[in-house]
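So you can see what is in the structure, the chains are spelled out below.
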Amino acid sequence: MSAFKDLKQIVEIQQNYNLSAEDFSHWLDMHVPKNEHERTMRDFFMTTNDSYSMCIGLEFLFMNDYYPELYQLIEKNKTYPNRLNQNWATFFELTMAKHQGTMPLTKILAQLQRIKTDDLALKCLIQFLTISIQIVFYDFDLIVNKLEQFREDSNKIHHSILRPYIQHRLDRALFVHYWKRNEMILARKFGYRALAGIHNRIHLAYLHINLSSSFIFDDFNSAIYHLEEAHKIVTEKNITNLVEMIEERNIPFIYAHFNKPEGITTSDKSEQAHLALARGDLALAKELLSEITEITPFTKYYLGRAHQDERLLIQSCNDFIEKQSDHFFARLPLTALNKL
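These numbers come from a predicted model, not from an experiment. (Residues numbered from 1 in each chain as written. Predicted model: local features only at pLDDT ≥ 70, side-chain atom pairs only at ≥ 80, totals over all residues. Heavy atoms only, no water.)

Chemist: Give me the nonpolar core: which residues, what numbers.
Modeler: In terms of nonpolar packing, the biggest core is built from 111 residues, with L70, W88, F91, F92, L112 and F150 touching the most fellow members. Here the element with the most residues in this core is helix α10 (residues 162-180); it accounts for 10 residues. Dropping the residues within four chain positions of it, F91 is found in contact with L112, I115, L122, L125, I126 and L129. (Core = buried A, V, L, I, M, F, W, Y, C linked by side-chain atoms within 4.5 Å. Buried < 20%, exposed > 50% of the residue type's maximum accessible area, 1.4 Å probe, protein only. Helix = DSSP H or I, 4+ residues; strand = E, 2+ residues; numbered from the N terminus. Contact = heavy atoms within 4.5 Å.)

Chemist: With reference to specific residues and values, describe the packing of aromatic side chains.
Modeler: Scanning all chains against the criterion turns up 25 aromatic pairs. Aromatic pair F24 and W27: ring centres 6.0 Å apart, planes at 25°, arrangement stacked. Taken as a pair, F24 and W27 lie in helix α2 (residues 21-31) at a separation of 3 residues, close to a single helical turn. Of the two residues examined, F24 and W27, each falls in the buried class. Between F128 and F150, the aromatic rings sit 6.1 Å apart at their centres with planes inclined by 50°, giving tilted as the arrangement. Of the two residues, F128 sits in helix α8 (residues 120-136) while F150 sits in helix α9 (residues 140-154), which places them 22 residues apart along the sequence. For the pair F128 and F150, a shared accessibility class is recorded, and that class is buried. (Phe/Tyr/Trp six-rings, centres within 6.5 Å; stacked < 30°, edge-to-face > 60°.)

Chemist: I'd like to hear about the side chain of H99, residue by residue, with values.
Modeler: Inspection of the secondary structure assignment puts H99 in helix α6 (residues 83-100). Given a relative accessible area of 7%, H99 falls into the buried group. If we ignore the near neighbours within four places in the chain, the residues touching H99 are F62, I202, H203, Y206 and N241.

Chemist: I'd like to hear about helix α13 (residues 220-236), residue by residue, with values.
Modeler: The end-to-end C-alpha distance of α13 is 24 Å, a good match for the 24 Å that 17 residues give at a rise of 1.5 Å each. Along α13, the residues classified as buried are F220, A223, I224, H226, L227, A230, I233 and V234. N238 occupies a position one or two residues after α13 and carries a positive phi of about 55°. (Expected span 1.5 Å × (residues − 1).)

Chemist: Help me get a handle on unusual backbone geometry, residues and values and all.
Modeler: The phi angle at N259 is positive, at roughly 55°, despite the residue not being glycine. Tracing the sequence through the fold places N259 in the loop between α14 (240-257) and α15 (269-278). A positive phi angle, close to 50°, is found at S325, a residue other than glycine. You can see S325 is positioned in the loop between α18 (310-324) and α19 (331-339).

Laid out in structure tokens, this is it:
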């Protein structure tokens, strides 16, 4: 394409910046090559003064990893007189705070609950972020109710730009839901569907981490493949909290679980004990576990294995199910019980 044609197309594109985001996207489909759509939509969202398009732009920029532009558009929405724009800006500030670990999850949850809106798309986004936080708190009974509402509301979203992003979030939520219920055929269906439709690199990393864990009763190579993919992403993006989590907890867990402890190190006491168990060093495992004050279902699982204690393994299984509604990881102590 000549410089003249390039300039002509740029002018033509800019002349359509007065359209809504959805109309502009439809216009792009007819007039601009597909490989230029993402960049052109980014430029549109950074320029538009259409109030709802400014809201949609936050989701587009976030889901396509345009973080510097996202922060600029958050500020633009915050100063816009429309309350809806301010609510969208608040939501994405909280979203980024969660991803970057800059605010306690309880505070994010409290601030999410203060956002009052009739906008169905924003409601769906709030529902998803709430669910993702409650997953961390193991509040799965509450999640079931919220997930059903999220599914119902997300199916009412017909906006051509927003719908695939919100459906992607639904797939991720359903993956975790079925995974924790140990319904692995359904879990993998939604997990891989989410993987195929993903654009945001942070979301992709988290999904690979969870998919890795979902293979611990099946296949080492699949488990470590997903973990390596996640590690590659978070290293490239310099997401330090996730790099540390993968290196100190996830990698040691997978290698210890599959009895491949050679050359694996960690500063995490629980996973040091797990590696000791994999090497058959029960004395060291007991010593390391004695230093841990926070007793979780995983800790009880390791303690039960170290002490060959049937009672602790049963407690671990019950805690996974009763305290965390986690039927998948409850299989760990059950498997250990069968080996005693």
